[in-house]
Amino acid sequence: MADAADFQGTSASPARRWLRRTGAMLAGAPLLAGLLQLPAAAPADAAGQESPQAVSGTGSVSVAVDSLTPSAPTEGDTVTVSGTVTNNGKQPVTDAHVDLRVGPPMDTRSSIDTLADKSRDVQGLLGEEVGGKYTEKFPELTPGVAEPFTISVPVNELDLGKDGVYQLGVALSGETSAQPWDQILGIQRTFLPWQPEDADTKTKTTVLWPLISEAHMAAETGSNEQQTPVFRDNALAEELAPGGRLDQMVSLGKGLDVTWVVDPDLLASVDAMTRSYEIRGADGSTTDGTNQELAKRWLAELQQAVAGKEVVALPFGDPDLASLAHNGTSVTGSLSHLKEAADVAEDTVDTILHVKPSTDFAWPVEGAVDPSIVKVATSAGADKVIARSDSLQDNLPYTPSAARPIGGGTTAVVADARMSTVFRGDLTKASASTLAVQRFLAQSLALELQTGKQRSVVVAPQRMPSVNQAQAMAEAVSALQSGNWSESQDLADATKAKPDPAANTRVPPASAYPSSLRKQELPRAAFEQIARTKGNLDKFKVILTLQSRVVTPFGRAMNREMSTSWRNRGVAALGYRDGMESYLDGLINGVKLIRKSEMKLSGRSATIPVTVQNNLVQGVEHLQLRLTSTNPTRLKIGDAAYEEQPVAVNGGHSQSVKFTTSANANGRAEVVAQLYTEDGRPYGDPVTFDVKVTEITPTVMLVIGGGVLLLVLAGFRMYTQRKRAAAREAAEDASAEPADAADSPADAAQNPQAAGERLKGESEAGSRADAPEQPSDPAPDTAAESADPSGTGERVDR
């Protein structure tokens, strides 16, 4: 009657299907007992037995199930299984055929794990063969050649009974020349969730959908008004490109009912790409970025995807809470970085995505917690910690709801470890992805069938799924949300669910923290380097006129230095910290004193100029320049051993500051110039130079004075001589004849003596006119003062 019902297209009742399966098992029991008594290598006449024998291990033929649709069938569906079979042996396989085998339902979640670990074991439980026309035959399987197969079977032909998770095996049977009888040479087991009607109490499931990436931006920015950001490489653009990891996370997630968990640093980095930006190459040079449109498109799609959805914002840069708790709390200032990262998270997400996120959740790596991690997580304002059930374990025969109080007003949201970790590993092969999807659904249904009570379950997958992992996650979540045993729920609602009184609320001790995770943590030296950078930044910022141009990018870069993305990337993390520290040192050294050579001081007093150079784009102020004499008995600066003067220098300029000095003795005196901040801390390196004092004696003054007197007397004597000569010439002209008569040749001939005297006078006048200049003549203009730096032995201003 059951067969007739199946033939007419009607489905058998659960009771009838149970009778059929029980009868088949009872009928096969004697045969199975006889088979168990046979040796592993059956003789040739065993080929006529109805039940094929299994060879040891995983078999010589690999079976890959690349797709199974629908993932969770219901009444009236047709299950289609596709994949490939590959002969890995050295001999051809003849009379081969692929068939489906349905095993009994699995009662526990642990049995699902066991079957998944032995999914290719041909010696395991095989299940009942569907048989009939629902097989695919191969005359021969050539070694090394993959052959595709597709089998479609109505779900009512699978004889599924009560609701539950069934084992579905895809087996390849055939013969070889060495073993010429029908035997199973390969199998792939997977899971078939069966819940044809709506469950009475559906499980409320929260799925976290993480948007997290590595640190892409450096602390360095351009010197222009817009402060053009600099990216460490072009990796972010590759993730945003069509088909890239982040592109897939958005396009897959927008069709799902999930809770988006975002790192504000990722949003800030993509937002920076929408404008002008630069990319630093491996050789240190920078090139202009060209992916502005790509970044704009991704942000626009993300804004549409999260509209009306729950968004949880992690602290900026996704700080590694466990590393901070175990290695950073003893370093002064480390917790303040976490607080700063939490403070900027909400504004960053709200500004870019136009949604108000939740910021009261902390997510330690892998959901592993201990008391110190919980303490650090809540120190920045979070009162909910996303843990995982393999850390906060429950000794119960069922899975309790996720939320439970753990003391101090803190709620632990315990994600289900089995469902959260199923998408780990290499899922590039379709068979691995299909198995992960079916295993996820199986665990979810098995959890729902444990009790008749409704529970809230949270799924927290890996932080940065690959493209293949994300695709498998999306397929599984989509099937779950269209199934009959689960309904979606926001993370905030999951935290409000009534805690199970039997659930564990005791945080495991530090000794229980996994050693594998502890080995990945940032070391104490990393936090010490971050603290050193922060100290240098604090000293530097007090002299700046525009502090935000430096403080903001460096503050966000220090948040990135603590990111969880540095786990297992210690060398890269150190390189990032070293690069930022070196860049800051370069900025600090942009404000410095110009080196000076030895100076000569001739006299009892003089002024010494000291030059402050500012190579920064912005101006500096709040600096004091102190000039100190190490030998004040010989050389004093001002009225004491040192003198200070305020300094303010515009960006890209230099300024000379002059100090008055007085000498008391001849010889060398060492002078030290040092910049100080207003709080008295030294800034930059000091500049030390020598001043050679040469005091002028009274004897030298007498010699100089005598020389000046002689020059004055000589000038006076020349002046009187010229006056007398001029008077004599005037007298001679008055007594002489008219010029026209005296000048005629006849007169000259008649009076040769007078003519000779006149010529003599003109000759003397000409000689005086051609004579060299005397000391009393006006001096010519001096040359312009050289602007070149003084050389060795430079003299100071008097």
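This text follows the structure it describes.
These remarks concern the structure in this document.

Parameters at a glance
Residues numbered from 1 in each chain as written. Predicted model: local features only at pLDDT ≥ 70, side-chain atom pairs only at ≥ 80, totals over all residues. Heavy atoms only, no water. Phe/Tyr/Trp six-rings, centres within 6.5 Å; stacked < 30°, edge-to-face > 60°. Helix = DSSP H or I, 4+ residues; strand = E, 2+ residues; numbered from the N terminus. Buried < 20%, exposed > 50% of the residue type's maximum accessible area, 1.4 Å probe, protein only. Lys NZ or Arg CZ within 6 Å of the ring centre and 35° of its normal. Pairing = 2+ DSSP bridges. Axes fitted to C-alpha atoms, helices over the stretch in contact; angles between N-to-C directions. Polar contact = N/O pair within 3.5 Å; in protein donor to acceptor, adjacent residues only side chain to side chain. 1 Å grid on protein atoms, 1.4 Å probe; cavity = no way out; pocket = protein on both sides within 12 Å on 5 of 7 lines; lining within 4 Å. Points joined across faces, edges and corners; volume = space filled by probe spheres on them. Nonpolar A, V, L, I, M, F, W, Y, C, P; charged D, E, K, R; others polar.

1. Brief notes about the packing of aromatic side chains
On inspection of all chains with the given rule, the structure shows 4 aromatic pairs. Ring geometry for F554 against Y583: centres 5.7 Å apart, planes inclined by 10°, an arrangement best described as stacked. Of the two residues, F554 is situated in helix α18 (residues 548-561) and Y583 in helix α19 (residues 570-588); the sequence distance between them amounts to 29 residues. In this structure F554 comes out as buried when scored by relative accessible area, which is 2%. Note on Y583: relative accessible area 23%, which makes it partly exposed. It is R556 that lies over the ring of F316; its NZ or CZ is 5.6 Å from the centre. Over the ring of F689 we find K596, and its NZ or CZ is 5.7 Å from the ring centre.

2. Overview of the sheet that holds strand β25 (residues 605-614)
Here 4 strands make up an open sheet; going across it, the order is β23-β25-β29-β27 and the pairing antiparallel. Both outer strands of the open sheet, β23 (591-593) and β27 (635-637), are each paired with one neighbouring strand and no more. The average undirected angle you get between the axes of adjacent strands in this sheet is 30°. Bridge count between β23 and β25: 3 bridges; the pairing is antiparallel. The residue of β25 that forms the bridge with L593 is V612.

3. Things to note about helix α6 (residues 264-273)
Most of α6 sits inside the fold, with 8 of its 10 residues counted as buried. Buried residues of α6: P264, D265, L266, L267, S269, V270, A272 and M273, and no others. The N-terminus of α6 is capped by D263, whose side-chain oxygen sits 3.0 Å from the backbone nitrogen of D265.

4. A few points about empty space enclosed by the protein
Taken as a whole and judged by the stated rule, the model has 5 cavities of 30 Å³ or more. By volume, the largest cavity amounts to about 50 Å³. Taken together, V207, M419, S420, F423, F440, V459, P461, M473 and V477 make up the lining of the largest cavity. A breakdown of the residues in the lining of the largest cavity according to their chemical character gives 8 nonpolar, 1 polar and no charged.

5. Some points on unusual backbone geometry
Here T69 and P70 are connected by a cis peptide whose omega angle stands at -10°. With respect to the helices and strands, the residue P70 is situated in the loop between β2 (61-69) and β3 (78-87). For D318, which is not a glycine, the phi torsion comes out positive at approximately 50°. Relative to the elements of secondary structure, D318 occurs in the loop between β16 (311-313) and α8 (321-328). For D318, a relative accessible area of 2% corresponds to the buried category. Positive phi is not limited to glycine here, since H354 has a value of about 65°. When you line up the elements, H354 lands in the loop between α10 (345-353) and β17 (361-362). A relative accessible area of 58% places H354 in the exposed class.

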